[in-house]
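# A structural walkthrough
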Amino acid sequence: MSFATPQEALNFLEQNPDIEAFELFILDNNGVPRGKLLHRDELLAVYETGRPLPSTILGLTVNGDDVENSGLVWDVGDIDCRAYPLAGSLTRLPWRLMPTAAVQVSMHPQQGMPAAVADPRRLLAKVIDELKADGYYPVMAAELEFYLLDQKRDSNGRPQPALDADGGRPYSTQVYGLRELEQIEPFLADLYAACKAQGIPARTAISEYAPGQVEITLEHRADALQAMDEAVRYKRLVKGVAHKHGMIACFMAKPFDHIAGTGMHMHVSLADEQGNNLFASEAPEGTPLLKQAIGGMLSTLLDSLLFFCPNANSYRRFQANSYAPLAPTWGVDNRTVSLRVPGGPANSRHIEHRICGADANPYLAAAAILAGIHRGIREQLDPGAPIEGNGYAQAKEVLPTDWLTTLRALENSVWARDALGDEFLRVYLAVKRAEYQQFMGEVGEQDWRWYLQQA
């Protein structure tokens, strides 16, 4: 893993004399950025000797509670673990009132122990290195949907779409509507400007399949780790710019029970060392290697589902005829399946993984996807025939629609322990088990069944 040099900090400080504070953050296993706000005078030391962070910072629930069974709390005395800045992550936060920048850190492999074993970015780096060792260089991009919500709830206390620029409130689907994009133009203008300032390759914006729902695509990167770094920072940026405009950017998988859920589509292909696309083919279904990759993802789908759908709410998104996935299926240029091979010229051939909710941690989702692909190639797995036509109608089996099933599947997965490591899974499963137990204690078994039925 490449950490930044002190010279990067010195250059930034010289070029940005107005910056007063620095937001230092690390991404936890729930995809929540956690860290500290540092004074300008503290930045250089972070680059020179790292910054101590408590071991518990990577063993927290989504609500920020310690998970005692993670092994990162009392067993180790909540020890300080040193994290270092990632190269190229030091950027301004244009939406902040006080001149502020951000720097992303990751745990040092030795000085960051014992928390380093639970660092989701380090896990993805490990999986990528294993693919590269066999001559495969993953190319990836994330495609994130989100809702723009009003900071005020409706008269019934429920969330509602944010007001348009003309003062009206969106109420109809209007997928691909251009007027809908015009109505949020002030937000989009600031968002694209912030992306440009941070070097995030934001591209096409569309009005998605619900009132107030938006999607902006990110460009593919030959460096899959860079692509997921950008997805993480983009998500943080979207929330910050929305807040500046008096809105909430919601990445919840299913914030409303009667309209579309919110996904994170992951685009992936494999290249050789020279950058040639190994999935490239004039055949719409791609090369035999592409099919093996799909076979691997399908064979590991149940074991990986907790990474793609990490919360109780995630499973409400799985509905027929909703453009969300429903079954372990694949197809060519077909949006009714879970793994889609988009059309286009031969050199653009890749797989669109449509299973993740927008609430998934990009690092962990990418790690599970790539580890599944690696298995498919190693074992030359056959995914079977692609689905043609309505994949919802042809589904012979469906994805689990409850949190406990996927939690148990990961707990019992021999493949996951081999591909992702016992130490990481021990912490991750302790966190997810604690969250599940907390949720069940709050809603109870009967309410849990009702909750699922509302999807």
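Refer to the preceding data block for the structure.
Criteria and cut-off values
Residues numbered from 1 in each chain as written. Predicted model: local features only at pLDDT ≥ 70, side-chain atom pairs only at ≥ 80, totals over all residues. Heavy atoms only, no water. Helix = DSSP H or I, 4+ residues; strand = E, 2+ residues; numbered from the N terminus. Rg over C-alpha atoms; globule rule 2.2 N^0.38 Å. Buried < 20%, exposed > 50% of the residue type's maximum accessible area, 1.4 Å probe, protein only. Contact = heavy atoms within 4.5 Å. Areas by Shrake-Rupley, 256 points an atom, 1.4 Å probe, with all protein chains shown as cover. Pairing = 2+ DSSP bridges. 1 Å grid on protein atoms, 1.4 Å probe; cavity = no way out; pocket = protein on both sides within 12 Å on 5 of 7 lines; lining within 4 Å. Points joined across faces, edges and corners; volume = space filled by probe spheres on them. Nonpolar A, V, L, I, M, F, W, Y, C, P; charged D, E, K, R; others polar. Domains from an automatic or database assignment. Expected span 1.5 Å × (residues − 1). Arc of directions from axis to C-beta.

Counting secondary structure elements, the chain contains 12 helices and 14 strands. Computed over the C-alpha atoms, the radius of gyration of the chain is 22 Å, within 12% of the 23 Å expected from 2.2 N^0.38 for a compact globule of 455 residues. A principal-axis box enclosing the C-alpha atoms of the chain has dimensions of 60 × 55 × 50 Å. For the chain, the proportion of its 455 residues judged to be buried stands at 58%. Considering only contacts in the chain between residues 6 or more positions apart, those separated by 24 or more positions represent 72%. Entry remark: accessible area of the chain is about 19,000 Å², with carbon and sulfur atoms responsible for 49%.

What follows covers the pairing of strand β8 (residues 202-207). As paired strands, β8 and strand β9 (residues 213-218) are joined by 4 bridges and run antiparallel to one another. Looking at the pairing, S207 lines up with V214 of β9. Taking the residues between adjacent antiparallel strands as the criterion, β8 and β9 are bridged by 5 residues, where G212 takes a positive phi near 85°.

Quick look at the layout of surface pockets now. Roughly 820 Å³ of volume is contained in the largest pocket. What lines the largest pocket is a set of 32 residues, among which N30, V62, M252, N311 and D359 lie closest to the centre. Listing elements by their share of the lining of the largest pocket, those giving two or more residues are β1 (21-27), α6 (224-244), β10 (247-250) and α12 (422-453). For the lining of the largest pocket, the per-class residue count stands at 18 nonpolar, 7 polar and 7 charged. Two domains each donate at least three residues to the lining of the largest pocket, and these are domain 1 (6-118) and domain 2 (127-420).

This paragraph deals with empty space enclosed by the protein. Once rolled over the atoms, a probe with the size of a water molecule shows which space is left empty. A complete count under the given rule lists 2 cavities of 30 Å³ or more for this structure. Computed from the structure, the largest cavity encloses a volume of approximately 70 Å³. For the largest cavity, the full set of lining residues is E23, F25, S89, T91, L93, W95, A102, Q104, Q198, R233, R236 and L237. At the level of elements, β1, β6 (100-107) and α6 are the ones that each hand at least two residues to the lining of the largest cavity. Broken down by element, the lining of the largest cavity gets its largest block of residues, 3 residues, from α6. Split by residue class, the lining of the largest cavity holds 5 nonpolar, 4 polar and 3 charged.

So, about helix α5 (residues 185-198). With 14 residues, α5 ought to run about 20 Å at 1.5 Å a step, and its terminal C-alpha atoms sit 20 Å apart, in line with that. If you check which residues of α5 are buried, you get F187, L188, L191, A194, C195 and Q198. Looking straight down α5, one finds that the buried residues subtend no more than 130° of arc, so they occupy a single side. Every exposed residue of α5 that faces more than 90 degrees away from the buried side is listed here: E185 and K196. Note on α5: the residue one or two positions beyond its end, G199, has a positive phi of about 75°.

Now for unusual backbone geometry. Across the chain, the bulk of peptide bonds are trans and the bulk of non-glycine residues have phi less than zero. Of note, the amide linkage connecting M113 to P114 takes the cis form, showing an omega dihedral of 5°. As for its position among the elements, P114 is in the loop between β6 and α3 (120-133). The backbone phi angle of D78 is positive, close to 50°, even though this residue is not glycine. One can find D78 in the loop between β3 (51-54) and β4 (80-85). Here D78 falls in the partly exposed class, since its relative accessible area comes to 31%. Despite not being glycine, Q380 shows a phi value in the positive range, around 50°.

Attention shifts here to the pairing of strand β11 (residues 264-271). Successive side chains on a regular strand alternate, one facing one side of the sheet and the next facing the other. When you tally the buried positions in β11, you get 8 out of 8 residues, the bulk of the element. Residues of β11 alternate between two faces, with M264, M266, V268 and L270 on one and H265, H267, S269 and A271 on the opposite face, all of them buried. Where strand β7 (residues 137-150) lies against β11, 8 bridges are found, and the strand directions are antiparallel. Each bridged residue has a counterpart across the sheet, and for Y137 the counterpart in β11 is A271. One ladder, built from 3 bridges, connects β11 with strand β14 (residues 351-353); its direction is antiparallel. Residue pairing in the sheet places M266 in a bridge with H353 of β14.

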